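Reading the structure
The lines below spell out each chain.
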Amino acid sequence: MSAIYPVAEIRKIEQAALRDLPPYTLMQRAGQAAAQAALRLLPCPPHSAAILVLAGPGNNGGDALEAAAGLAKAGCEVLALLKTPPSQLPPDAAQALARAQRQGVHLMPPEQFADIDSAQWTLVIDGLFGIGLSRPLDGDWRSLVQAVNAMPCPVLALDVPSGLDADTGTVVGGAGGIAVTASNTITFIADKAGLYTGDGPDYAGSVELATLAIADQYLPAPNMWLNHPGLFSDYLRPRKRNSHKGSFGDVAVIGGAAGMAGAPILAARAAARCGAGRVFVGYAENPPAYDQAQPELMCRHAADLDFSSAVLVVGTGMGMANSALALLTRALDALSWLVLDADALNLLARQPQLQVQLAQRQHAVLMTPHPLEAARLLGLSTSEIQADRVTAARRLASRFNAVVVLKGAGSIIARADGAVVVNPTGNPALATAGSGDVLSGICGALLAQGWPQWEAALAAVWLHGRAADQLVAQGIGPIGLTAGELIPEVRLLLNQLVQER
Ligand SMILES: NC(=O)C1=CN([C@@H]2O[C@H](COP(=O)(O)OP(=O)(O)OC[C@H]3O[C@@H](n4cnc5c(N)ncnc54)[C@H](O)[C@@H]3O)[C@@H](O)[C@H]2O)[C@@H](O)CC1
Ligand SMILES: [K+]
């Protein structure tokens, strides 16, 4: 249901299904689904709507022409912009063009192409390029996309916003490239990672899936999914009445060098409020007596903590001093489950022998790098990580035999066997100091309560993002949302999920 396939797999699924279906069937289904999605977006009755349909040279253009036919049939005034001579269209798209014209879709004369930005449209449909885009958009295509991006009306992209790489969520051509900025995308057959990660969400807008009724027999077993509570619901268990604080495990957050004492406090508060039985904060130096706002936390010198009896969340504000390195080494030696974040990752990047030790560890490890930390660990630049986030997360997971959460827009959760989940929740409010500390604390709390590391990572990332989405919907952010405000919202969501299950 939530499977994501790479473009190469979607091609194979499409080809296999097409062998068993009459020609033109899938395009008709795609076009009809797109027309229905377009009608739902109209702010007015169909007969008052003026719709501009941009049809490219391939089958994405065919989908657009098929949608145009459906919209004209529903009573909309539809104008199609088609640069390609009809004789050069692929057969299905040529059939869609003939049908569109029969339904009364007008074709825009080429001399008007340069002036489309002056017209008033209720909706634009982007059917220029889909998964067949093979190079950056240039020349007239680029001008056309610029004109569309300046239009105030909703833009519905078909399959993928033209110009976006559907696998990576990057604009084809990088900084010099261009892509359609859609308000909505209807994607066909299955979800694609690039719609949800990196720059993808900024271009795709709100994404809807039309499976085109492809039978299950054509779908290979996936190893990529879109995150949702169904992936971790087995562990959303109500608490037994006969429980005590020892039933829910201990978390010890290790970090907090001078000047960064707040970071482990945020992680620890998140751990406490997401259900860990007891939460310790182990400071690299100078522990505070206690946390005034959360006196339940036990603040100690890290040297005085028993590393073997708690889930260890290591690295938040830990610094890079030798004392921090000693704490990380101790944590890697301990027989505990680990969450490695922030400076634990930065220290690891500098210590090849610790990397080997980590990869050979028998006990669960969950790593939560942001792109710069991932870049340091892999010896790459941040832009190289962002150019293919799924691959970067997979490489880290397999190198360190860990569950890896690559943070950033559309966090990627990867497992050593190559399984990947792309997270659709969250928004720019999370780009704030301390937000990662809160995430690591949630991970620690779920591990302490007995969740396996994979499901703990999926749930923590989903809840963290969803909490930010709900707060923003209430007007608390994106500007000025502070990390600490996420914690009560995450707690609310977690309890709701358990109750709903
Ligand atoms: N064949 C079918 O029955 C179906 C097709 N589908 C649609 O078909 C799309 C894929 O169709 P195609 O494989 O034809 O690919 P596209 O329609 O995405 O584009 C391919 C065409 O664009 C040209 N092209 C690529 N990059 C270009 C650039 N930068 N500048 C100018 N021209 C460029 C190629 O030479 C080719 O003519 C999917 O995204 C989906 O929308 C789906 O609806 C499923 C059914
Ligand atoms: K498109």
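Please read all numbers here as calculations on a predicted model, not as lab measurements. (Residues numbered from 1 in each chain as written. Chains lettered and ligands numbered in written order. Predicted model: local features only at pLDDT ≥ 70, side-chain atom pairs only at ≥ 80, totals over all residues. Heavy atoms only, no water.)

This part takes up the pairing of strand E10 (residues 278-283). Judged by how many residues are buried, E10 sits mostly within the fold: five of six residues are covered. Pairing of strand E9 (residues 250-255) with E10, which is carried by six bridges, proceeds in the parallel orientation. In the sheet register, Asp250 faces E10, and the bridge partner there is Arg278. Crossover E9 to E10 through helix H7 (residues 262-273) is right-handed. With four bridges connecting them, E10 and strand E11 (residues 298-301) associate as parallel partners. Looking at E11, one finds that Gly282 is bridged to Arg300. (Buried < 20%, exposed > 50% of the residue type's maximum accessible area, 1.4 Å probe, protein only. Helix = DSSP H or I, 4+ residues; strand = E, 2+ residues; numbered from the N terminus. Pairing = 2+ DSSP bridges. Right-handed = clockwise from strand over helix to strand, strands pointing away.)

Our focus in this paragraph is the pattern of salt bridges. Within this structure, the stated rule accounts for nine salt bridges. Close ionic contact of Lys83 with Asp140 constitutes a salt bridge, the shortest N to O distance being 3.5 Å. Here Asp140 lies in helix H5 (residues 139-149) and Lys83 lies in the loop between strand E2 (77-82) and helix H4 (91-102), a separation of 57 residues in the sequence. A relative accessible area of 31% means that Lys83 is categorised as partly exposed. Here Asp140 falls in the exposed class, since its relative accessible area comes to 54%. (Salt bridge = Lys/Arg side-chain N within 4 Å of Asp/Glu carboxyl O.)

The next thing to look at is the packing of aromatic side chains. Applying the stated criterion to the full structure yields four aromatic pairs. Ring geometry for Phe232 against Trp451: centres 6.2 Å apart, planes inclined by 40 degrees, an arrangement best described as tilted. Highlighted residues: Phe232 in the loop between strand E8 (224-226) and E9 and Trp451 in the loop between helix H14 (435-448) and helix H15 (453-473), separated in sequence by 219 residues. Considered together, Phe232 and Trp451 belong to a single accessibility category, that of buried residues. Positioned above the aromatic ring of Phe307 is the side chain of Arg330, whose terminal nitrogen or guanidinium carbon lies 3.7 Å from the ring centre. Over the ring of Trp454 we find Arg415; its NZ or CZ atom is 4.6 Å from the centre of that ring. (Phe/Tyr/Trp six-rings, centres within 6.5 Å; stacked < 30°, edge-to-face > 60°. Lys NZ or Arg CZ within 6 Å of the ring centre and 35° of its normal.)

On to the coordination of the potassium ion (ligand 2). Binding of the potassium ion (ligand 2) to the protein goes through Asn60 (OD1), Asp126 (O), Phe129 (O), Leu158 (O), Val160 (O) and Ser162 (OG), at separations of 2.6 to 3.1 Å. Of note is the potassium ion (ligand 2), whose six donor atoms meet at the metal with angles of 65 to 170 degrees in an arrangement that counts as irregular. Linear spacing of the donor residues for the potassium ion (ligand 2) on their chain is N-x65-D-x2-F-x28-L-x1-V-x1-S. In this pair, Asn60 is assigned in helix H3 (residues 59-73) and Leu158 in strand E5 (residues 155-158), connecting sequence segments 98 residues apart. Assigned by exposure class, Asn60 and Leu158 land together as buried. (Donors = N, O, S within 2.8 Å, 3.2 Å for Na, K, Ca; no water. Tetrahedral: all angles 85-135°; square planar, octahedral: opposite > 155°, others 65-115°.)

Right, let's talk about H15 for a bit. An ideal rise of 1.5 Å per residue puts 30 Å on 21 residues; H15 measures up with 30 Å between its terminal C-alpha atoms. A large share of H15 lies buried, amounting to 15 of its 21 residues. Once H15 ends, the next one or two residues include Gly475, with phi positive near 90 degrees. (Expected span 1.5 Å × (residues − 1).)

Moving on, we get to the packing of helix H8 (residues 322-333) against helix H9 (residues 342-350). At their nearest, the axes of H8 and H9 sit 10 Å apart, and the two run at 90 degrees to each other. Classified by the interaxial angle, the pair formed by H8 and H9 is roughly perpendicular. Residue-level inspection shows Ala324, Leu325 and Leu328 of H8 in contact with H9, the latter providing Ala344, Leu347 and Leu348. Each residue belonging to the contact of H8 with H9 can be placed in one class, and the counts come to six nonpolar, no polar and no charged. (Axes fitted to C-alpha atoms, helices over the stretch in contact; angles between N-to-C directions. Parallel < 35°, antiparallel > 145°, perpendicular 65-115°, else oblique. Contact = heavy atoms within 4.5 Å. Nonpolar A, V, L, I, M, F, W, Y, C, P; charged D, E, K, R; others polar.)

If you check the domain split of the chain, you get domain 1 (7-220) and domain 2 (229-500). Here domain 1 and domain 2 have C-alpha centroids that lie 40 Å from each other. With six residues of domain 1 at the interface, the matching set in domain 2 holds 11 residues. Here domain 1 packs against domain 2, burying approximately 590 Å² in sum over the two surfaces, 65% of which is carbon and sulfur. Considering only the surface of domain 1 that becomes buried against domain 2, Thr168, Tyr196 and Thr197 emerge as the three largest contributors, covering 60% of it. The interface formed by domain 1 and domain 2 contains zero salt bridges. At the boundary of domain 1 and domain 2, one finds four residue pairs in polar contact (both at pLDDT 80 or more). Residues that form the side of domain 1 that touches domain 2 fall into these classes: two nonpolar, four polar and no charged. (Domains from an automatic or database assignment. Buried area = accessible area lost by both parts, 1.4 Å probe. Polar contact = N/O pair within 3.5 Å; in protein donor to acceptor, adjacent residues only side chain to side chain.)

Below, the discussion takes up the sheet that holds strand E15 (residues 403-406). Paired through their backbone hydrogen bonds, the strands of a sheet run either parallel or antiparallel. What the 10 strands build is an open sheet, ordered E8-E17-E16-E15-E14-E13-E12-E9-E10-E11; its pairing is mixed. Across the chains shown, the open sheet's two edge strands, defined by having one partner strand only, are E8 and E11. Across the sheet, the mean angle separating the axes of adjacent strands is 20 degrees when strand polarity is ignored. In the sheet, strand E14 (residues 365-367) pairs with E15 via two bridges, with the strands oriented parallel. Paired with Met367 across the two strands is Val404, which belongs to E15.

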